There are 2 protein chains.
Amino acid sequence: MRTLLEVQRKLLPDFLLVMQKRYDILRYIKMMQPVGRRSLSVSLNLTERTLRGEVDFLKSQNLVNIFSSGMTLTDEGIEILDKLEGIMREVMGIDIMEKQLQDLLQVDEVIIVSGNCDETPWVKKELGKACANRMKREWNSKNIIAVTGGSTMAEVANSLSPDEASRKLTFVPARGGIGEAVKNQANTIVEKMAQKAQASYRVLYVPDQLSGEVYASFQKEPAIKEVISQIKSADMIIHGIGDAMAMAERRNSSPEMLKKLLDGNAVGEAFGYYYDENGKVVHKVLTVGIQLDDLSPEKRVITVAGGKTKAKAIRSYMKGAPSSTVLITDEAAAQELIQGNYTP
Amino acid sequence: MRTLLEVQRKLLPDFLLVMQKRYDILRYIKMMQPVGRRSLSVSLNLTERTLRGEVDFLKSQNLVNIFSSGMTLTDEGIEILDKLEGIMREVMGIDIMEKQLQDLLQVDEVIIVSGNCDETPWVKKELGKACANRMKREWNSKNIIAVTGGSTMAEVANSLSPDEASRKLTFVPARGGIGEAVKNQANTIVEKMAQKAQASYRVLYVPDQLSGEVYASFQKEPAIKEVISQIKSADMIIHGIGDAMAMAERRNSSPEMLKKLLDGNAVGEAFGYYYDENGKVVHKVLTVGIQLDDLSPEKRVITVAGGKTKAKAIRSYMKGAPSSTVLITDEAAAQELIQGNYTP
DNA sequence: CTACCCGGGACGTTATATGTCCAACTTAAC
DNA sequence: GTTAAGTTGGACATATAACGTCCCGGGTAG
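Quick notes on the rules
- Residues numbered from 1 in each chain as written.
- Chains lettered and ligands numbered in written order.
- Predicted model: local features only at pLDDT ≥ 70, side-chain atom pairs only at ≥ 80, totals over all residues.
- Heavy atoms only, no water.
- Helix = DSSP H or I, 4+ residues; strand = E, 2+ residues; numbered from the N terminus.
- Buried < 20%, exposed > 50% of the residue type's maximum accessible area, 1.4 Å probe, protein only.
- Areas by Shrake-Rupley, 256 points an atom, 1.4 Å probe, with all protein chains shown as cover.
- Lys, Arg positive; Asp, Glu negative; His and termini not counted.
- Charge placed at Lys NZ, Arg CZ, Asp CG, Glu CD.
- Phe/Tyr/Trp six-rings, centres within 6.5 Å; stacked < 30°, edge-to-face > 60°.
- Lys NZ or Arg CZ within 6 Å of the ring centre and 35° of its normal.
- Salt bridge = Lys/Arg side-chain N within 4 Å of Asp/Glu carboxyl O.
- Least-squares fit on C-alpha atoms with pLDDT ≥ 70 in both.
- Contact = heavy atoms within 4.5 Å.

1. A look at the overall build of chain A
Within chain A one finds 14 helices and 13 strands. For chain A, the spread of C-alpha atoms along the principal axes amounts to about 85 × 50 × 35 Å. Counting every position in chain A, which comprises 344 residues, the buried fraction comes to 53%. Carbon together with sulfur atoms contributes 50% to the accessible area of chain A, which is approximately 15,600 Å² in total. A gap of 3 Å separates the mean positions of the 45 positive and 44 negative side-chain charges of chain A.

Rendered as structure tokens:
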């Protein structure tokens with residue numbers, strides 16, 4: 001059933017809306033029966049005429065009786081409604097969660113893929129695919145795409161495919177090296193994405209953890225400067241989110257820094273910034289490229305992260321995320337985000 | 001998944017057609033890619049414009065690529081198509097079988113409910129329900145409904161429910177007693193149907209197996225005569241089908257008659273007529289009421305019978321059935337009818 | 001009896017889907 | 001290089017379905 005719904009979501013997206021509408025109508029009739037069109041239509045937020053159309057249809061399907069005293073469900077209607085209850089819980093699950101998260105996190109759009117990254121390995125691929133599709137939808141109006149590192153981003157790269165618009169794109173790393181393993185470094189991923197999309201790309205090789213002086217002189221280097229200016233003018237930023245401590249360890253951070261993160265209660269990390277539970281920046285990795293201030297609402301920010309274990313990290317980052325953000329996550333993280341919110 | 005499809009069949013009937021259409025389009029694109037609109041539209045029997053509408057939609061869903069060299073499936077399209085194949089086998093199963101049987105048996109309409117009467121007890125109830133719904137669809141233009149006996153008919157009676165039109169109906173037994181147990185006798189069922197539909201009814205009590213003389217005098221009796229004339233003018237006839245030998249035994253037929261049936265290779269029985277494999281009448285129970293000749297095309301005949309074991313009987317009767325017949329059966333019988341037909 | 005709510009008929013309006021035709025472009029063969 | 005046959009995509013008139021709006025007659029409760 002899961003796959004059937006999944007397929008239908010793609011193949012007949014608005015039919016599910018119709019199904020939901022009719023489900024609501026049946027439900028309300030059951031509760032309010034016998035009931036007339038007028039009172040029903042206000043309860044359902046439908047105009048009287050459209051409600052009438054639906055009711056005529058339901059009557060033709062023998063699901064409702066229409067008497068002069070009002071409408072009631074037929075036995076068959078009750079039966080169908082019973083079966084629908086179970087189905088709807090599943091159908092509406094994802095849609096509803098997407099809307100809930102949209103409200104909760106105050107962002108433009110939330111996309112949820114079903115499953116749990118932590119448990120089922122191919123769910124991360126689904127995340128990547130969803131992200132690739134989402135990118136595609138508006139990359140004809142964008143030119144420069146900045147991406148970060150991470151295993152999730154690597155999957156995004158895997159899912160990209162070329163089309164006419166994609167060839168005009170330029171991929172750049174969002175920031176200079178921040179200590180990932182080569183495979184998941186931003187530079188590597190940028191290259192892969194560009195290759196998959198048949199686009200151009202620029203890389204930015206800078207040593208990790210620069211000291212203040214070198215940092216300044218580096219930025220004056222013409223070649224570096226040009227790449228940096230491209231990065232700064234990126235139209236779209238794709239990035240993952242990590243668990244703060246896990247990231248810090250993976251990056252071989254110094255003991256002092258680890259302490260700083262611990263003291264600051266850092267839980268989330270995104271492109272080199274560490275956040276605490278309230279979304280406050282605890283620490284930032286000093287490197288070139290996009291800074292938090294650069295995330296203006298004109299830029300499209302796509303945040304990709306899934307898995308129950310990352311829910312806290314996602315929440316921490318999202319507290320301060322611009323509303324132009326699109327969050328792509330999985331069911332497990334979404335559930336955790338929604339539930340966790342009521343028990344802080 | 002089964003229940004989901006069942007619900008959708010009721011709640012969004014035309015949606016299955018759309019799904020099938022899009023499935024076909026995807027399938028053809030996969031086979032013929034890269035392919036243009038024109039050649040695709042002729043292959044699919046769609047006008048170019050409608051095909052274009054569908055393709056635009058599929059493109060917006062990222063399922064097909066459109067290049068100037070033609071259309072191809074995207075990776076996602078291939079994936080969806082894969083999942084669809086499995087689903088479609090189930091979705092189209094019933095629809096397709098209905099059409100196949102319509103052709104095979106040369107009747108106006110075939111309705112199949114899923115399951116097997118012989119194995120799952122509630123499938124017979126589903127048959128009854130389906131029959132009741134079908135009757136409802138046109139009983140506002142009919143007045144007299146003749147019904148036969150049998151356990152299936154008893155379930156039809158159970159599923160009836162009253163409405164405005166039903167109160168004007170009159171139920172009559174199709175023929176005089178032909179030896180059923182009381183519970184499943186036509187008279188009993190007539191009474192029950194009338195009660196369920198809040199309609200009127202007439203019964204016809206005649207002794208079984210009349211001899212020629214008494215038969216003649218019986219028909220002259222005024223009260224009987226009136227009922228018989230009502231029966232003859234019935235607008236709708238609802239009847240079941242039985243296995244010939246099983247019916248004969250249940251009716252305590254004489255050894256001579258059993259021999260006659262055996263010799264004639266009788267396999268099916270319907271309202272007192274016994275048929276052989278080719279649809280030839282082997283024997284008819286002599287009684288008053290509707291005779292085979294009365295089944296004119298103006299009358300709506302609804303035949304209800306299910307279960308794998310009855311497939312042969314159904315086929316034998318259907319050979320001579322008028323095209324105004326509506327066959328209501330179950331999946332098991334339908335499969336047997338279709339498959340059995342290729343291995344005679 | 002009256003006032004209210006009921007379904008359903010009628011009709012003009014609007015949105016959507018479809019039929020039809022053409023222009024610009026790509027590709028492949030010659 | 002040129003032609004021919006294929007492709008998509010734009011434009012526009014038209015048919016069709018959905019919808020908004022109004023009203024009527026019939027039940028029903030107060």
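2. Focus: the packing of aromatic side chains
Taken as a whole and judged by the stated rule, the model has seven aromatic pairs over all chains. On the basis of an interplanar angle of 80 degrees and a centroid distance of 6.0 Å, the ring pair of Phe271(B) and Tyr273(B) is categorised as edge-to-face. Considered together, Phe271(B) and Tyr273(B) belong to a single accessibility category, that of buried residues. When the ring of Phe271(B) is compared with that of Tyr317(B), the centres are 6.3 Å apart and the planes differ by 80 degrees; the resulting orientation is edge-to-face. Of this pair, Phe271(B) sits in the loop between β9 (266–270) and β10 (273–276) while Tyr317(B) is found in helix α13 (residues 311–318), placing the two residues 46 residues apart along the sequence. With respect to class, Phe271(B) is no different from Tyr317(B); both count as buried. Stacked on the ring of Phe57(A), the Lys or Arg Arg22(A) has its end atom at 4.0 Å from the ring centre.

3. Remarks on the pattern of salt bridges
In the structure shown here, the tally under the stated rule is 30 salt bridges over all chains. One salt bridge in this structure joins Asp108(A) and Arg300(A), with 3.7 Å as the shortest N-O distance. In this pair, Asp108(A) is assigned in the loop between α5 (75–105) and β3 (109–113) and Arg300(A) in strand β12 (residues 300–304), connecting sequence segments 192 residues apart. Overall, the relative accessible area of 15% leaves Arg300(A) in the buried class. Taken together, the salt bridges that share partners define one network made up of Glu6(A), Glu126(A), Lys129(A), Glu79(B) and Lys83(B).

4. Brief notes about the relation of the copies chain A and chain B
Mapping chain A onto chain B calls for a rotation angle of 179 degrees and an axial translation of 0.1 Å; the resulting RMSD is 0.2 Å. What the rotation and shift describe, once combined, is the action of a two-fold rotation axis. Every residue of chain A has its C-alpha some distance from the rotation axis, and the shortest such distance is that of Met1(A), at 2.1 Å. Same-surface contact between copies: 100% of interface residues of chain A are shared with the interface of chain B.

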